[in-house]
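Fold and contact review
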Amino acid sequence: MLTGKKIIVGVTGSIAAYKAALLVRLLVKEGANVRVVMTDSATRFVSALTFSNLSQKEVFKGLWDGTWTEHVHLGTWADMMVIAPCTANTISKMSNGICDDALTAVYLSARCPVYIAPAMDADMFLHPSTTRNIDRLIVDGVRVFQPETGFLASGLHGKGRLAEPETIFEQLKQDFSSGTSNIDASKKVYANGNAPSLPLAGIKILISAGPTREHLDPVRFLTNGSTGTMGYALAAQAKKLGAAVTLVSGPCNPNIDPGVTPVTITSAEELFVAVTTRAPQQDVVIMTAAVADYTPSKPSNHKIKKKDGELSIPVERTRDILQYLGSNKPDGQILVGFALETQNELDSARQKLKSKNLDFIVLNSLAEKGAGFGPSTNKVTLIDRDGGHHEFPLKDKTEVAKDILNHLATIIS
C-alpha cells in the first residue's frame, strides 16, 4: 500500500527519537520513499547517519543543507508528513507559525496531510499551553496520535509516551488504503478521531463592544454609559475557549486580551461598516455594543457657540446594524444580540429576537441593582429562538461571559 509513496519523517529532540528509527525501517520495508528531517536537538539523541542508512537518503537537518529552497522542495514533494516524536517545543512552534529550523520550514511548506506524535513528560503534555497548542494544530488540520500512558523518562508514570511505531505505521497504511490521506489538511481529519478539547476551537467570532459617539461638533458628542466591560470579557473568554476573536470596539478603556484582533471605531456608521464587512466570514457574531439610535443630521465643523435661548439639534436615525446582520446572515452563522430594557423586559427582548432574526438574545435589566452599564457585575437572561429562557443570578461580568459562551458552545455542538 505504501509502495512509491513519498513520506517525510520528522524527528525532534525527545529521548523517544530512537523509536523513529523503527518507524523509518517499517516504512521503507513497505516500499515507501522516505526522507528524514531532524531538528538539531534530535541529533543529540540519534545520529543523522542512522536515519541516512535506514532511508538510503540524505537527512535534511539544517536550513543551509543543500540548496536553501530544500524545505520548499520537500514540502511540495511529499504525500504525507509525520513528526514522531514531536516535542512540546516543536508543537509550540508549529501552532504559532515559528520557522527557525529545517523541520518547521518543511511543515510550513507542506501541501500534504501532516501527523504529529507527541512525546514528553506527563506534566508537560497536560500543561494548558501544550493542550492549547495541540488544539490549534488540530484546527489547522494536523492529525494527532495520542501519546500512551506508562513510565516516562523522568521516572514518573503518566500520559506522554510516544505512540508505538507499529501503531503509527498501521494508521498511515490504513489512511493510504482508505483514501483519507488524500483529504486536504484543512478538513480537520484526526488520526485519533477526536475533536478539539476546547469547545470553541476553530470558531471565528466577531464581538462588538462599548459605546458609539455621534459628534455634534469637534468637541461634543451624543453617547451612552457603556464601558465595554461585557464585550471585552466575552472576547477574553472566547479566546480562552479556542475561538479566533475579532473585537470591534467603540471608545472605552478596558485592556484588550492578547491574541484578540482589535478594530477601533467611533461612530455608529463606522461600526456598521466595520461589522458588516467582516461578518460574512464569521461563524458567530455577538453584538454587545451600545449603538446610538440617532445621530446629528448636520454636525458642525466648528465648536457650537453658546447663545441665548434654546438650542435645537436635528437628528436622524442611524442604520440598524443588527437588523442588517439578521437579514443577511449566512447559512450556519449564529447571531447573538443584547437587549437593555427597563419595562416589559421579556416581551420586548423576545420581539427583538424575532424581528432581528437572532439565534438567541441576552437580556439586561437596568431595574436590577448592580446590572447594566458601569458595574463590574451583570444579571442576564438568555432567550432562545424557541422561546425558552435561562435566567442567571447577579455575577461578575467575567462569569456572565462564561455563561453566555457555554450556551453558545452548546448550540454549536
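Everything that follows concerns the structure shown earlier in this document.
As a starting point, this report considers the structure included with it. (Residues numbered from 1 in each chain as written. Predicted model: local features only at pLDDT ≥ 70, side-chain atom pairs only at ≥ 80, totals over all residues. Heavy atoms only, no water.)

**Overview of the packing of helix α3 (residues 70–77) against helix α5 (residues 102–109)**
It is the contact of α3 with α5, at a shortest axis distance of 8 Å, that shows an interaxial angle of 45°. Compared by their axis directions, α3 and α5 come out oblique. Judged by the sense of rotation from one axis to the other, the crossing of α3 with α5 is right-handed. Residue-level inspection shows H71, V72, L74, G75 and T76 of α3 in contact with α5, the latter providing A105, V106 and S109. (Axes fitted to C-alpha atoms, helices over the stretch in contact; angles between N-to-C directions. Helix = DSSP H or I, 4+ residues; strand = E, 2+ residues; numbered from the N terminus. Parallel < 35°, antiparallel > 145°, perpendicular 65-115°, else oblique. Left-handed = near helix turned anticlockwise from the far one by under 90°. Contact = heavy atoms within 4.5 Å.)

**Some words on the environment of R220**
One can find R220 in the loop between β9 (214–215) and β10 (221–222). What makes R220 partly exposed here is its relative accessible area of 34%. In sequence terms R220 and K397 are 177 residues apart; their C-alpha atoms lie 30 Å from each other. Once residues lying within four places of it in the same chain are set aside, the contact partners of R220 are H215, K303 and I304. (Buried < 20%, exposed > 50% of the residue type's maximum accessible area, 1.4 Å probe, protein only.)

**Considering the nonpolar core**
Counting residues in hydrophobic clusters, the biggest one holds 34 residues, and the most contacted among them are I7, V9, V11, L27, F51, V82 and I168. Elements with a contribution of two residues or more to this core: β1 (6–11), α1 (17–29), β2 (33–38), α2 (48–55), β3 (80–86), β4 (114–118) and α8 (165–178). Examining the composition of this core, we find that seven residues originate from one element, α1, more than from any other. Setting aside anything within four residues of it in sequence, one finds L27 in contact with L2, I7, V9, A32, V34, F169 and L172. (Core = buried A, V, L, I, M, F, W, Y, C linked by side-chain atoms within 4.5 Å.)

**Brief notes about the side chain of S55**
Its location among the elements puts S55 in helix α2. Only 2.8 Å separates the side chain of S55 from the backbone oxygen of F51, close enough to count as a polar contact. Leave out the neighbours within four places in its chain, and S55 touches V24, V28, V34 and V36. (Polar contact = N/O pair within 3.5 Å; in protein donor to acceptor, adjacent residues only side chain to side chain.)

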